[in-house]
Amino acid sequence: MDRMLIVSNRLPFTVQERKGELQIEPSVGGLATGLSSWYKSLNSVWIGWPGIGRKKMKREKDILAKLLSENCHPVSISQQDVEAHYNGLCNRTIWPLFHHFPLYTEYDEHFWQAYERVNIAFANVVAGVAKPDDMIWVHDYHLMLLPKLLRERMPKATVGFFLHIPFPSFEIFRLLPWRNQILEGLVGADLVGFHTYDYAGHFLESVHRLLGHEAAMGQITVADRIVRTDAFPMGINYERYSSVDRDPRAQAERKRFRRKLGDCRVILSVDRLDYTKGIPQRLEAFSALLDRNPSLKRRVILVLLVVPSRIRVEQYMQLKKQVDGLVGEINGKHGTIGWMPVWYLYRSLPFHSLTALYSLADVALVTPLRDGMNLVAKEYVAARIDEKGVLILSETAGAAQELGEAIIINANNREEIVQALARALEMPEQEQIERNRVMQKRLRRYDVVRWADEFMDKLLYTKELQRQMAEKVLTDEMQRRLAGDFQKSTGALLLLDYDGTLVPFSPKPADAMPGADLLRLLERLTKRPANEVVLISGRDKETLDKWFGDLGVGLVAEHGAWTRKRGGEWETIETLASEWKNEVYPILESWVDRTPGSFIEEKEFSLVWHYRRANPKLGELRARELINSLSNTTANLNLQVLEGSQVVEVKNAGINKGRAALRWISGQDWDFILAIGDDWTDEDTFQVLPPPAWSIKIGFGASAARFSLGSPGEAVSLLARMAGER
Ligand code: GDG
């Protein structure tokens, strides 16, 4: 396997100063611990911030040597930049906004500038370490500009990105002043991964609405590169959590806890102190449970493990006060001598103590208001080797999508949490076992290694797709050959689509008028008597006449309903009916009323409903509905309903560009034929071409064309080269 470069804000080792000396210690946290064994089994390098400032690192050369011996490359960052990047943009801007807390979000240009500087510092280190065949895997919201920065430095690099927190809905994401920079940064990757399909969907919607790239099956095309997105729900190191009974330290700890807890039932809550985790709501629900069920007094204890986090950020200080207050209130109100309902631990416990708690808790109460995944829920289920215990999980944690056998609640609904707690404490053992067995099987199968492997497989697959695509790209050398063949030919036919092929799409069809340069180029191509240029379009004949009527070109309007040979008159291929329009027009009108921004284009033999300017999601939904509705109306009218690029078109059956193209193809013995087009209507043209013809699709989707080019601009420069202008 090629070498793997993992890039994350923190290294899996942290440098700490103890008694004036620097030491390295393994970092805690899901990613570092989850991936450490996987990463060691591969030929890998980890790049990240080591936890101390640049000056200190410079002083202690042996620390650097130690990190390098663990294959860790530190990125050195000044203390001010750490402050504004990590404690600023990451924790005061991105974290609250991406977790749907816009009121907690601070927008500060200095934070943003530090974010850019830190991402550049990372890019420089990665570019210095990376070799051409390396796979680079960038993690999380601290480094969202990095994929683009790496792409600029190493255009061919294999870069994956995984976001560990939720990606917010468009309405929230758009609040960010630097939203486009973030999206552009991310689409620098080849593969962008999320915990759930919802987050991937939110991301694609923002990319569509802010950058204009449309997605098909999780794939977007950015310049000449495809970028894939997908959901990869992160797993845990199942073995590690399910081996509590083989760990003597965990066993001893479990006995110690049990002695202290007596025979009370245990409800367990484990989180970093964070406002996204819903800790106050959880405490209030527990208090209400005790209010309503006096029989639970002395019989149940809530073990509340809260790990200190981001202690210098205002909201976290306030939350700490709130939690302290609530715990005091509950213990004061409900506690008795010898029984304290909430056991409050405000610190981090060693791993064996945490697993001991998991293994003895009757209920795990995991109720975040929003959480990318939540590994605690998974770890609890894994640690219950006796298959007992009940998980209560909030629906807004990514983990809820995989752990459907848990009791799923809405974290803002206190009543629901109270009922869930009561139900969990009463749940028959057999039911607990049945639920946990299914979840355990799933968690064992899809563990952290499988998660990482699947991500890597998809990344390689994306690279393979890009390679296949690149094979079809009309290279500079092939373009030279094509231009040479054209110039030598004694009879050359050019079949050119217009919109999306010679000019980019415009929001309003009328705005896509050809510029003077394009008209001059087309004229030059028609000058040689041996050449025949035909514009094959879906547009109406009046527009084509107005724009191209004076050039010596052939014209095809309305996808082939009308044709006009050079210097000739417009002809229809056959007698076509158009009375059906009276029936269909009012239907489309009602869709215009229901879809703001959409409009109807009327052509002689077709009607088109455009939704390019409507809200994209609404447009797609309405297009589906329209197609369904039209299929009933058009059944007996010999019509076809076609879906194009943000249009739905109704036209007479049997008309297509291929049929129209044949009128020219079969009219003469050509020794050079070239067809260029960008969408499915042009596929009919590609399909009727004789084998030696050149065919080029603009864009990189599947096509019958032999070659592809990235954009209308590239098609025009090819034509300019053929005309001898380059
Ligand atoms: C982010 C996303 C996503 C907790 N207390 C102790 C302790 N822990 C460990 C747990 C778990 C980890 O910390 C916490 O992971 P979470 O997933 O619950 O939450 P975040 O830290 O917010 O992580 C989250 C995750 O990234 C992965 O993608 O799931 O949504 O926010 O592993 O066991 N470990 C020890 N002592 C403690 O006291 N040793």
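We now turn to the structure provided with this report. (Residues numbered from 1 in each chain as written. Predicted model: local features only at pLDDT ≥ 70, side-chain atom pairs only at ≥ 80, totals over all residues. Heavy atoms only, no water.)

**Examining empty space enclosed by the protein**
Per the stated rule, a full pass over the model turns up 5 cavities of 30 Å³ or more. By volume, the largest cavity is sized at about 410 Å³. Looking at the lining of the largest cavity, the elements that each hand over two or more residues are strand E22 (599–602), strand E23 (606–610), strand E25 (647–652) and helix H25 (680–687). Counting residues domain by domain, the lining of the largest cavity receives three or more from each of domain 3 (473–573 + 655–722) and domain 4 (581–652). Size it by volume and the second largest cavity reaches roughly 50 Å³. The wall of the second largest cavity is formed by Gly389, Val390, Leu391, Glu405, Ala406, Ile407, Met427, Gln432, Arg435, Asn436 and Met439. Sorting the residues of the lining of the second largest cavity by element identifies strand E15 (390–394) and helix H17 (429–445) as the ones contributing at least two each. A total of 4 residues in the lining of the second largest cavity trace back to one element, the largest contributor, which is H17. Of the residues belonging to the lining of the second largest cavity, the class tally is 6 nonpolar, 3 polar and 2 charged. (1 Å grid on protein atoms, 1.4 Å probe; cavity = no way out; pocket = protein on both sides within 12 Å on 5 of 7 lines; lining within 4 Å. Points joined across faces, edges and corners; volume = space filled by probe spheres on them. Helix = DSSP H or I, 4+ residues; strand = E, 2+ residues; numbered from the N terminus. Domains from an automatic or database assignment. Nonpolar A, V, L, I, M, F, W, Y, C, P; charged D, E, K, R; others polar.)

**Overview of the packing of aromatic side chains**
Counted according to the given criterion, the structure contains 30 aromatic pairs. With 5.5 Å between their ring centres and 20° between their planes, Trp112 and Tyr115 make a pair best called stacked. Taken as a pair, Trp112 and Tyr115 lie in helix H5 (residues 109–129) at a separation of 3 residues, close to a single helical turn. Accessibility classification places Trp112 together with Tyr115 in one group, the buried group. An aromatic cluster of at least three residues, connected via ring pairs, comprises Phe98, Phe167, Phe173, Phe194 and Phe203. (Phe/Tyr/Trp six-rings, centres within 6.5 Å; stacked < 30°, edge-to-face > 60°. Buried < 20%, exposed > 50% of the residue type's maximum accessible area, 1.4 Å probe, protein only.)

**Focus: the sheet that holds strand E19 (residues 554–557)**
Pairing within the open sheet is mixed, and its 8 strands lie in the order E21-E20-E19-E18-E17-E26-E27-E28. The outermost strands of the open sheet, each flanked by one partner alone, are strand E21 (570–572) and strand E28 (707–709). Across the sheet, the mean angle from the axis of one strand to that of its neighbour is 20°, orientation sign disregarded. Summarising the sheet, strand E27 (residues 694–698) and E28 pair through 3 bridges and their orientation is parallel. Residue Ile696 lies in a different strand from E28, and its bridge partner there is Phe707. The strands touched by helix H19 (residues 476–488) within the sheet are strand E17 (492–496), strand E18 (531–536), strand E26 (672–677), E27 and E28, with E27 carrying the most contacts at an inclination of about 130°. Relative to E26, H25 is tilted by about 165°, and along the sheet it contacts E17, E18, E26 and E27. (Pairing = 2+ DSSP bridges. Axes fitted to C-alpha atoms, helices over the stretch in contact; angles between N-to-C directions. Contact = heavy atoms within 4.5 Å.)

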